[in-house]
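# Secondary and tertiary structure notes
As a plain string of letters, each chain reads:
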Amino acid sequence: MEQYRLEDIRNLVLLSHSGAGKTSLAEAILFAAGAVTRLGKVDDGTTTSDYDPDEIKRQISISLAMLPCEWKKTKINLIDTPGYSDFVGEVKGAVRVSEGAVIVVCAASGVEVGTEQVWEYSEAAKLPRFIFINKMDRENADFYKTLEQIQSEFGPKCLPLQIPIGSQSDFQGIVDLLTMKSYVGSPAKEGDIPSSEQARAESFREKVVEAAAEIDDSLIEKYLGGEELSMKELGDGLRQATMMGKIVPVLTGSATKSIGVTSLLDAIYSYLPSPEERDVVIISDSNKRETIKPSQDAPLAALVFKTSADPYVGKLTYFRVYTGAIDSNSQVWNTVQGAAERVGQLFTLRGKIQEPVPKVGAGDMGAVAKLSLTGTGDTLCNQSKPMKLAPIEFPAPAFSGAVHPKTKADLDKLGAALTRLAEEDPTLQVRREADTNETILSGIGETHLAVAAEKMLRKFGVGVRLETPRVPYKETITASAKAEYKHKKQTGGHGQYGHVLLELEPLPRGSGLEFVDKVVGGRIPKNYIPSVEKGVNEAAQEGVLARYPVVDLRARVYDGSFHPVDSSDICFKIAGAGALKKGLSSGQSILLEPIVNIRVRVPEDFTGDIIGDLNTKRARVLGMNPEDGFNTIDAQVPLAEVMRYAVDLKSITQGRGSYSVEFSHYEEAPAHVAQKIIAERQAEKA
Ligand SMILES: Nc1nc2c(ncn2[C@@H]2O[C@H](COP(=O)(O)OP(=O)(O)O)[C@@H](O)[C@H]2O)c(=O)[nH]1
Ligand SMILES: [Mg+2]
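What you see is a predicted model; the values in this text were computed from it and never measured.

## What to know about the coordination of the magnesium ion (ligand 2)
Surrounding the magnesium ion (ligand 2) are the protein donor atoms Thr23 (OG1) and Ser61 (OG), which sit 2.1 Å from the metal. Residue Thr23 is located in helix H1 (residues 22–32), and its partner Ser61 is located in the loop between helix H2 (53–58) and strand S2 (65–71); the two are separated by 38 residues in the primary sequence. With respect to class, Thr23 is no different from Ser61; both count as buried.

Structure representation (structure tokens):
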């Protein structure tokens, strides 16, 4: 494939609520542009974009897919994204490397939760965008009702450049409000506007002309003077207004009937920006955000926006070049890792199809296999001119599951598989919870983790069960106590003897377990003290209330005795452990529960419901911060109450909220809570 000039590239992300038709639209675009010879269908599992077996099975997109095509000598790098909110990580990566967006809205369902969400992402990224009202052929499709809803949600700047001809089973094509021609059927036949649509077309055209003229003083003068704007003036005004976000053009059609698709391609070509028109954000040496101009004749700067793990081809790294070019079989410098990386054969990807290329230039995107140390978000550049591109901001994983391997063989492969998965998906995290001895996988939501588990089986042959993680409760004492334990046994010849006196004293929260040796006069010989400490530490792993680890106390060994022949390390370990257990029993043990800081972000209307729900969860609300129609609520809440908060939040807000949690501290569990936990642990043991 040839190298394209910056102005001859469009990097474009497709966004929507799940099921609005992005993947179908992408397929129709590829077909219209001649990049595929056969129109695939989501329902048959034959689209270029959803090639992954998990995607075919669920009939939803899970990963972003690169879908390049060429239209009017311009390379369009289309990126299809998953609409399902659990896979927001993929969406963030795709938005970061695009200059424009097409937000797909279903003509029957209208604006949905996911539509609002992707609108917000593209606002935050200041992406010039279109809205494509899709599924005009469907029952209940209603262009004007959907348009009204779009304008009331996102503002009157959402202006149609087209109106439909017919609707639902009678949907035939579109009227283009700039050319004032009709485009009917597939492939589209140009013709006159049907007389029934003439008046409506004229009135909608007027709004577009006015908005396009407003962008430029000379144009508005001409317009207000009653002069007709030329097609070129109109196009330029519209392009500029779209670029500045003053207009969001609304287009329409049907992806599965391939209607309106070539008009959409023309509009992408005409009105959405090329890489040349967007500054590149870099992080300076002093850690500030700065901008530079995109350029082909400059040292290399490329951003890695996705990494996929495949057991057969290995790691595949997707990158976007901002300046300079990257060559096959070369060496690059990874600024984030601070190391050189060998680059083998470069590819462009279309779905799963890899096409080798010698070089990927500025503005364009590509992929490379088997990089050794590069991860998502890293910058690749020349060692002589190191640069750091602004990273991708991924949401922090907040929903956790405990991963239990199904068999011994699964256990052996578990660690490696989890590492590969987390490498592939920056919104997944793996850690070992020492307190509960569980492997914890955290992600965005339930489906996200379920898909991760399926991937583990399919890609790495590791079978796992996901369960709600155990809460790492702890125990401590509230009163000082003294305890004595003598381990003495006479078994035939050689006996056993160890004797320890301990004093236990409660310490403030967060102090952990302290061991102090106060033995004087060699009542316990120095060489046995470490064994006493070992015994105390081991016994502290299981408290006397509910077998949770004991913390926040000082154990002082102050006396004891020994036997010159029968004493040994093991005997003093047993004595130390025994003394601790006795001391705990008389030290008025209590149960401690972990408290987390939770930050919930929801549209303002949900504030009352969120607070109400948090109150039932024993939370302390610390503060609220309303801004731009959203409210950020900070609270402290017992971890046990928010183990499945992703699910609760989704049902309260229909998916409009997000949250994060971080560990704060331990607190005494209220009596009724403690009783329940203790009873559960007893039942478990029985
Ligand atoms: N009638 C009709 N159905 C469509 C159209 N576009 C997509 N669909 C169907 O809507 C469903 C979801 O489409 P898909 O492309 O997977 O949506 P995505 O989740 O946004 O990628 C599939 O069953 C498609 O066949 C359309 O223009 N008309
Ligand atoms: Mg899809």
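## A few points about the sheet that holds strand S10 (residues 189–191)
Read across the sheet, four strands follow the order S7-S8-S9-S10 without closing on themselves; strand pairing throughout is antiparallel. Strands with a single pairing partner mark the edges of an open sheet, and in this sheet they are strand S7 (162–165) and S10. Geometrically, the sheet is characterised by an average inter-axis angle of 25° between neighbouring strands, direction not taken into account. Sheet topology note: the S7/strand S8 (residues 173–176) ladder contains four bridges and is antiparallel. Bridge pairing in S8 links Ile165 to Gly173.

## Structural notes on the site of ligand 1
For ligand 1, the set of nearby residues contains 17 residues, the closest of which are Gly19, Lys22, Ser24, Asp43 and Asp137. Contact distances for ligand 1 include 3.4 Å between an oxygen atom and a backbone N or O atom of Ala20. In this structure, an oxygen atom belonging to ligand 1 sits 2.9 Å away from a main-chain N or O atom of Gly21. Here ligand 1, which alone exposes 570 Å², has 85% of that area covered by the protein. The biggest single contributor to the shell around ligand 1 is H1, with three residues. For the shell around ligand 1, the class distribution of residues is three nonpolar, nine polar and five charged.

## A closer look at the sheet that holds strand S30 (residues 496–506)
Reading across the sheet, the four strands line up as S29-S30-S32-S31 and stay open at both edges, with mixed pairing between neighbours. The open sheet has two free edges, formed respectively by strand S29 (481–489) and strand S31 (513–517), since each of these has just one partner strand. Taking the axes of each pair of neighbouring strands and ignoring which way they run, one obtains an average angle of 25° across the sheet. Both S31 and strand S32 (residues 553–561) contribute to a ladder of five bridges, which runs parallel. Residue pairing in the sheet places Asp517 in a bridge with Val557 of S32. The strands touched by helix H12 (residues 529–539) are S30, S31 and S32; relative to S31, the strand with the most contacts, the crossing angle is about 155°. On top of the sheet, helix H13 (residues 569–586) reaches S29, S30 and S32; it is set at about 35° to S30, its chief contact.

## Description of the layout of surface pockets
To find leftover empty space, one rolls a probe the size of a water molecule over the atoms. A volume near 550 Å³ is recorded for the second largest pocket. Forming the walls of the second largest pocket are 27 residues, and the residues nearest its centre are Ser400, Arg431, Glu433, Leu639 and Val661. Breaking the lining of the second largest pocket down by element, the ones donating at least two residues are strand S25 (429–433), strand S26 (438–443), strand S33 (589–603) and strand S36 (658–668). Partitioning the lining of the second largest pocket into residue classes produces 16 nonpolar, five polar and six charged.

## Comments concerning the packing of aromatic side chains
This model, assessed by the stated rule, comprises nine aromatic pairs. The interplanar angle of 10° and the centroid separation of 4.2 Å between the aromatic rings of Trp119 and Phe154 together place this pair among those described as stacked. Placement of the pair is Trp119 in helix H4 (residues 113–124) and Phe154 in helix H5 (residues 143–154), with a sequence separation of 35 residues. Comparing Trp119 with Phe154, the two get one shared label, buried. These aromatic residues form a ring-pair network of at least three members: Phe143, Tyr144 and Phe204. Its guanidinium or amino end placed over the ring of Phe204, Lys207 lies 4.8 Å from that ring's centre, counting from NZ or CZ. Taking the ring centre of Tyr548 as reference, the NZ or CZ of Arg681 above it sits at 4.0 Å.

## Notes on the pairing of strand S12 (residues 280–283)
Pairing of S12 with strand S13 (residues 289–292) involves four bridges; the strand directions are antiparallel. Pairing of Val280 across the sheet is with Ile292, part of S13. Between S12 and S13, which pair antiparallel in sequence order, lie five residues; one of them, Asn287, sits at a positive phi of approximately 70°.

## Re empty space enclosed by the protein
Throughout the structure, instances matching the rule amount to three cavities of 30 Å³ or more. Put simply, the largest cavity is a space of about 140 Å³. What lines the largest cavity is a set of 15 residues, and nearest its centre among them are Ile62, Phe87, Asp425, His448 and Lys455. Only helix H3 (88–96), helix H10 (408–424) and helix H11 (446–460) provide two or more residues apiece to the lining of the largest cavity. The dominant element in the lining of the largest cavity, judged by the number of residues it contributes, is H11, at four residues.

Reading the values: the criteria
Residues numbered from 1 in each chain as written. Chains lettered and ligands numbered in written order. Predicted model: local features only at pLDDT ≥ 70, side-chain atom pairs only at ≥ 80, totals over all residues. Heavy atoms only, no water. Donors = N, O, S within 2.8 Å, 3.2 Å for Na, K, Ca; no water. Helix = DSSP H or I, 4+ residues; strand = E, 2+ residues; numbered from the N terminus. Buried < 20%, exposed > 50% of the residue type's maximum accessible area, 1.4 Å probe, protein only. Pairing = 2+ DSSP bridges. Axes fitted to C-alpha atoms, helices over the stretch in contact; angles between N-to-C directions. Near = heavy atom within 4 Å. Polar contact = N/O pair within 3.5 Å; in protein donor to acceptor, adjacent residues only side chain to side chain. Areas by Shrake-Rupley, 256 points an atom, 1.4 Å probe, with all protein chains shown as cover. Nonpolar A, V, L, I, M, F, W, Y, C, P; charged D, E, K, R; others polar. Contact = heavy atoms within 4.5 Å. 1 Å grid on protein atoms, 1.4 Å probe; cavity = no way out; pocket = protein on both sides within 12 Å on 5 of 7 lines; lining within 4 Å. Points joined across faces, edges and corners; volume = space filled by probe spheres on them. Phe/Tyr/Trp six-rings, centres within 6.5 Å; stacked < 30°, edge-to-face > 60°. Lys NZ or Arg CZ within 6 Å of the ring centre and 35° of its normal.

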